[in-house]
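The chain contents come next:
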Amino acid sequence: MERCMEIWRSSLRAVITASLALGLVACGPSETRVQQGNRTQVLHLANGTEPESIDPHIVTGVPEHNVITALTEGLVTEDPTDLHPVPGMAESWSISEDGTVYTFELRQEAKWTNGDPVTAQDFVSSFQRILTPELASEYAYMLFLMENAEAYNQGTLKDFEQVGAKALAAKKLQITLSNPAPYFLSLLNHYTWYPVHLETIKKHGGLYDRSNPWTKPGNFVGNGPFKLKEWRLNDVLAVEKNPDYWDAQTVRLQAIHFYPIESAETQDRAFRAGRLHNTYEMIPAKIEQYEAESPEILRKDPYLGSYFYRYNTTQAPFDDVRVRRALAMAIDRESIVKNVSRGGQIPANYFTPPSTAGYTTRARIPSDVEAAKALLTEAGYPNGEGFPKASIIFNTSENHRSIAAAIQEMWRKNLNIEVELNNQEWKVYLDAQRNLQYNISRAGWIGDYVDPNSFLDMWTSWSQQNQTGWASPEYDDYIRQAGLTSDPAVRLELFQKAEEILMDQAPILPIYIYTRVYLLSTAVKGWNPTILDHHPYKHLYLEAGP
């Protein structure tokens, strides 16, 4: 009997221990992760997917941007309300009369997280790194405004001393542009212009090795309001307040935890369970329910972005403009935004969002099923006969799958052609686009700054963001001319002509203009609706409920 009782007691202790570990035994009211975060100023954010990297010179995505802007800061930063440029690493700057020479005075107190001072040479060397062809940065063209930057990146200029970046003193940086660019200061908020700590990169591997482990916890050195604490793949990336940041007194959050949750359904459950302060995206079918029952947590914000499909124009049948236009003309964008995405998106048969810095395109791809059928017949596929097997690739998301399924059915019904749907993990999907290993690819583009150039220069032959295999010398020429003229009206007309070519040649299939639809806890303060969906973390804080 005693032996049985001892076995019983041991079993009970094991059950209690396991239950405590799993949080199944409560001693008084339990505190959710969000409630604890509100009390301790720890923000828990859904970030959509696992970042490809946090090296600002090799990434291209929004999930990466969300982390990098916590860890690193450029010459300027953003006002939390309207995102206009405000002093960052540079406390002041001057601009030459002709608008081509910018001289920045860096803060004396600015330092890296290892204690080194942030210097003008750090910026110059960082610009050289991202422009070096060996790194193969897809965003290197963002620096082409700088004098001779394009020539250096293309390899026709070998001497970086001739590029328009000079360290005039330890804390004085001069950037010379090829031509005036009224949006230049806003452009500096893009992470391609951020400095990296070169000695740290060299310590852990090659300066141009994209797999260099310098971005791992314990290795990473940054200069932003937060520093990297931990990164557990497919679990969480955590940053903590950087006490040595120049404006640390403004930073109220003690930490931010980024969760790579791809499923909108999982995000929704975690939000409702008090495990997240936000959702990265919404389940479209639940938008109306939240609008009716919990409007205070539902956000539907303007968003300067375009949702579209890329064609691989190096492969048949998508090397034929008639096929590309036929597919674009045979979808019902109104139905997609009304019945599938449901978030107030704007159906778009054009690419650049309307009213972007005074620019609204006049170019359109018409919606016309009968004309689409005629084009497909002309291309050699009457009633879809003989159309080769093709697929749409998209990164993991119920929403992307739903839109792809709707388009798949529209093509089946209207053109009698079949396409497969191919869901891919984020990094696999990005590599497939880069290497043109796809037929049709889901894509989205969010403006890097508020100017039509942010949407139109990516389709030039020199842009590594193009990823369609399409190029047009005439298109390239219009974009180059737009970069050279100082006449605003002439500049916008050049963009009009460029976008007319883009829509006529249709290397892409535009679908809608984004809105940002998501859930946000009312405890999150300082989070303003902004057209780029940027929310400078140093201005955020959490307010515990009653």
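Residues numbered from 1 in each chain as written. Predicted model: local features only at pLDDT ≥ 70, side-chain atom pairs only at ≥ 80, totals over all residues. Heavy atoms only, no water.

### Some words on the overall build of the protein
Put simply, the test is: Only runs of H or I of at least four residues qualify as helices and only runs of E of at least two qualify as strands under DSSP, and these elements are numbered from the N terminus. The globule rule used for comparison is 2.2 Å times the number of residues to the exponent 0.38, while the radius of gyration itself is calculated over C-alpha atoms. Per-residue accessibility, obtained with a 1.4 Å probe over protein chains only, is compared with the maximum for each type, and a residue is labelled buried under 20%, exposed over 50%, and partly exposed between these values. Whether two residues touch is decided by their heavy atoms; if any such pair falls within 4.5 Å, the residues are in contact. The protein chains shown are the only cover counted for residues, whose accessible areas, like all others here, come from Shrake-Rupley with a 1.4 Å probe. His residues and chain termini do not enter the charge count, which takes Lys and Arg as positive and Asp and Glu as negative. Here the site of a charge means atom NZ of a Lys, CZ of an Arg, CG of an Asp or CD of a Glu.
A count of helical and extended segments in the protein gives 17 helices and 18 strands. For 546 residues, the compact-globule formula gives about 24 Å, and the C-alpha radius of gyration of the protein, at 25 Å, lands near that figure. Overall size of the protein, expressed as C-alpha extent along the three principal axes, is 90 × 65 × 40 Å. Considering the protein as a whole, with its 546 residues, one finds that 57% of them fall into the buried category. Contacts spanning at least 24 positions in sequence make up 69% of the contacts within the protein whose residues lie at least 6 apart. Accessible surface, the protein: about 22500 Å² in total, of which carbon and sulfur atoms supply 50%. Charge centroids of the protein, computed over 50 positive and 67 negative side chains, lie 6 Å from each other.

### Concerning the pattern of salt bridges
Defined as follows: Salt bridge, as used here, is a side-chain nitrogen of Lys or Arg placed within 4 Å of a carboxyl oxygen of Asp or Glu.
In this structure the tally under the stated criterion is 27 salt bridges. We note a salt bridge from Lys-202 to Glu-199, for which the minimum N-O separation is 3.5 Å. One end of the pair, Lys-202, and the other, Glu-199, are both in helix H7 (residues 198–204), 3 residues apart, so they sit about a helical turn from each other. The exposure class assigned to Lys-202 is partly exposed, which follows from its relative accessible area of 46%. One salt bridge in this structure joins Arg-412 and Glu-409, with 2.4 Å as the shortest N-O distance. Of the two residues, Arg-412 and Glu-409 both sit in helix H13 (residues 398–415), 3 residues apart, roughly one turn of that helix.

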